[in-house]
Every structure is written in structure tokens, then in C-alpha cells.
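# Structural overview for review
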Amino acid sequence: MLSRIREYAMRTHDRSGAPIIYIEVEKTIASGLNCYEIATVLLYYNTLPIQRPAHYTLHLLVNESAQLTFLDTIESTLQLLDGHLKLSAIFVSGAYDPAEQQNSLKQPREYLRPGAVRVRYLNNETIKNFISTDNLPIQCCGFYVHNQREWIDFFQLLESLQQQCVETGRRLVTVLGDLRGVETQAALQQGSAPNQQPAPGTATTRRQLHSQHRALSRALMDSELQSLRRKGPNTIQRLQDKLTVINNRQTLKQTKNLVRAFSVDSNMLRSVNNGASSITGHHGTDLEQDIINGRLAEVIAIYGEVDRAARKLEQLTEQRRERLREMTRQRALDDEINEVGEPTGRSGNTSL
């Protein structure tokens, strides 16, 4: 759905600082998506930032006036998202002729419910009053190049790893919690103080140790956990490589824009001003890069927690295995002592 709807956000801002969600209307209509599916995609984009913005700007790329009826679908979508996602404005621009739209019999939509979101009909020049050229796509005579496929691949891989880490981590926490409960109950049965934390491996009976060892071994043999620990480092490296490619492409675009800003203007003062404005415009992009880097760092941290929990389970398993060995050796020693003691007792009775 993400590849069909042709929406992208997160790395562009309007001049007020609000993140922009672009929709290529022609491709969205051709994909046959309804308001419910579009609402699902918009909600998904709203989950990408760690700190969600207060509102977004929606920019519709329209190729002909007949596509303006798509605004009705957007209004239905906004009604579904009421209370979940807020828009500050809707910009309509593209290859269509605004004059033709104004001369049509149907009155253009000025506001969309709910929230009375203002709709602005702009051309490729007036749109620059609201969005800088560095944040405008090439369809609007801007310089922003977005590779939707790269972002889809990155977030699909990122969220798949995150989901696997969370689900596996929950199972490990459950195992550790059950183990703690069993140890606490055993300590209470032995007369320990209720508020005293039992030490690891306090199970004293062979049956308890066997039961705990089996539970820990089953947890460590979990196929999802083994797959995560085996493939996790490579997946993280792939994510880091993908993000490096995306960030490097963005940095290259920024460098080209700075060179263009200084080379086009012959007036030095104007060049300096344009250069300063270009740098200011990129600050939002750098912030978004930090946000995406933060998402990746968050997933890496979750993976680290799962790996530490697995290592803790391995340590507890080894403790119980060693305790079982000690009990086995002790039992063998006791049996040997008993075997030696029995003949001695019989010979003593015979002597008497």
C-alpha cells in the first residue's frame, strides 16, 4: 500500500516547520485506494517520529483539474482521523491549470472538515511562498528527490526487527518472572523472610532444579530467539548501511544546493543571504535525520536488552546445571559411603 499511494513525509518541511506529506493524486486514484486505506497509511506515517509533531501539512500533486474531486476523499479521510492526526494546511499544486479550476461551475473547496483545514490552490511559483525549493519535489520545480522504495525497504526491515525483538523479549521476561516466582515460593516454604530476595539457584531439591533447568533450556531453544541472535547483528548492519546511503544522498543534494545558491547570484551579499537561507532550510532535514537515526538507535537498544536477557538465561541455566552436577556427585559420594559402611556394620555384628 505504501508503494502504491505514493506518499512520503518525514524529511521535508514547509516554511512554518510542519512536516509535509505529499500525495501524488493521479497515482493514488489509479491504485483504487479508499478513504479507509489512505487513513491507515497516514496513521502509519504518524507513528514514524519518536516525538510526533503537533500537525502536518498535506501537499496534493495534481495533474489535471478533474483530479480535484480527490479532495472529497481527503475530507472523508480526515473525518476518520479526527483526534488522531491534525493538519495545519492543505496545498494543491501541480501541472493542472488553477485558472481553469476557478472558471469551472463548481465552487472550489476552501476548507475541509473537521477542523476547517484551509485549502490553498497554488501554482509552481506561488507554492514557493509556503515551501522552499529544497523541500519541493521535482514535479513542482523543486530540488527534493525522494526514493520511496528505499524508505519502504528501510522501515519494513526496521519494524520487522523491532517486532521480533519485542515479542522475543516479552517471552524472556515471562520466563524470568516465572523463575523468580518459583524461587520466592521455595524460599517462603523454607521459612525465609517474605521481604528477603532469594538468591539465584536457591532451589534445593533435585526435582526443582530439573524443572527450572528444563524451563530455561526451552526458553533458550526458542526458534525466534535463536534466529534473532543469529541474524540480528547482520540485520542491524544492513539497516545502518541503508540509512548511510539515504543520508549520504541527502547530504550530496544539500551540497549541490549550496553550490547552486552561491554560483547563480553575482551579487556577493545576495549570495551570502541565499547561502544562509539554504542552511536554515536544511536544519529541519538534519533534525529529521536525527529522528530517523533515533528510531534505529531505539531498535538497537531493544535488541541489546534482549541479548542481555538471553545471556542472563544462559548464566542461570549453567548455574542450575552445575548445581545438578554437584548434587549428582554428592549422591554418588553418599552411595559410596553407604556401600563401604554396610560391610563394616555386618562384620561388627558378626564379631559380637
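Below or above, wherever it landed, is the structure these notes cover. Only a predicted model underlies this, so the values are computations on that prediction, with no experimental measurement involved. (Residues numbered from 1 in each chain as written. Predicted model: local features only at pLDDT ≥ 70, side-chain atom pairs only at ≥ 80, totals over all residues. Heavy atoms only, no water.)

### Side note on unusual backbone geometry
- Note the cis peptide between Arg-113 and Pro-114, where omega equals -10 degrees.
- Within the secondary structure, Pro-114 is located in the loop between β5 (111-112) and β6 (117-121).
- Despite not being glycine, Ala-116 shows a phi value in the positive range, around 50 degrees.
- By the element assignment, Ala-116 lies in the loop between β5 and β6.
- The class for Ala-116 is partly exposed, based on a relative accessible area of 49%. (Helix = DSSP H or I, 4+ residues; strand = E, 2+ residues; numbered from the N terminus. Buried < 20%, exposed > 50% of the residue type's maximum accessible area, 1.4 Å probe, protein only.)

### Observations regarding the pairing of β6
- Where strand β4 (residues 87-94) meets β6, 3 bridges bridge the pair, whose relative direction is parallel. Across the sheet, the residue bridging to Phe-91 is Arg-120, located in β6.
- Sheet analysis places β5 next to β6, joined by 2 bridges and oriented antiparallel. When the bridges of β6 are listed, Leu-112 appears paired with Val-117.
- Adjacent in sequence and paired antiparallel, β5 and β6 are bridged by 4 residues, among which Gly-115 carries a positive phi angle near 85 degrees. (Pairing = 2+ DSSP bridges.)

### Here we look at the state of the cysteines
- For the structure on display, the rule yields 0 disulfides.
- Here Cys-141 is not cross-linked by a disulfide; its sulfur's nearest cysteine counterpart is in Cys-140, at 7.4 Å. (Disulfide = S-S within 2.5 Å.)

### Here we look at the environment of Pro-137
- Within the element layout of this structure, Pro-137 appears in the loop between β6 and α6 (148-189).
- When the C-alpha atoms of Pro-137 and Leu-61 are compared, they prove to be 9.6 Å apart, with 76 residues separating the residues in sequence.

### Some remarks on a negative patch on the surface
- Negative charge collects at one region of the surface, where Asp-334, Asp-335, Glu-336 and Glu-339 lie side by side.
- Its place among the elements puts Asp-335 in helix α9 (residues 268-351). (Patch = residues over 30% accessible without salt bridge, like charges linked within 9 Å, V, L, I, M, F, W, Y side chains within 5 Å. Areas by Shrake-Rupley, 256 points an atom, 1.4 Å probe, with all protein chains shown as cover. Salt bridge = Lys/Arg side-chain N within 4 Å of Asp/Glu carboxyl O. Lys, Arg positive; Asp, Glu negative; His and termini not counted. Charge placed at Lys NZ, Arg CZ, Asp CG, Glu CD.)

### Structural notes on helix α7 (residues 206-220)
- Here α7 is 15 residues long and its end C-alpha atoms lie 21 Å apart, about the 21 Å a rise of 1.5 Å per residue gives.
- Residues of α7 that are buried include every one of Leu-209, Gln-212, His-213, Leu-216, Ala-219 and Leu-220, and no others. Relative to the axis of α7, the buried residues are bounded by an arc of 125 degrees and lie together on one face. Residues Arg-207 and Arg-218 are exposed on α7 and point more than 90 degrees away from its buried face. (Expected span 1.5 Å × (residues − 1). Arc of directions from axis to C-beta.)

### Details of the environment of Val-182
- The residue Val-182 is located in helix α6 in this model.
- Note: C-alpha distance between Val-182 and Gln-208 (26 residues apart in sequence) is 8.9 Å.

### Comments concerning helix α3 (residues 35-46)
- Helix length check: α3, at 12 residues, gives a terminal C-alpha distance of 16 Å against a target of 16 Å (1.5 Å per residue), a fit within 8%.
- Between the side-chain oxygen at the start of α3 and the backbone nitrogen of Tyr-36 there is a gap of 3.0 Å, and the oxygen is on Asn-34. (Polar contact = N/O pair within 3.5 Å; in protein donor to acceptor, adjacent residues only side chain to side chain.)

### A word on the packing of aromatic side chains
- Taken as a whole, this structure holds 2 aromatic pairs when the rule is applied.
- Ring plane angle 40 degrees and centroid distance 5.1 Å describe the contact between Phe-91 and Phe-130, whose orientation is recorded as tilted. Residue Phe-91 is located in strand β4, and its partner Phe-130 is located in the loop between β6 and α6; the two are separated by 39 residues in the primary sequence.
- Judged by relative accessible area, which is 24%, Phe-130 ranks as partly exposed.
- Look at Phe-154 and Phe-155: their rings are 5.2 Å apart centre to centre, the planes differ by 85 degrees, and that puts the pair in the edge-to-face class.
- Residue classification places Phe-154 among the buried positions, given a relative accessible area of 0%. (Phe/Tyr/Trp six-rings, centres within 6.5 Å; stacked < 30°, edge-to-face > 60°.)

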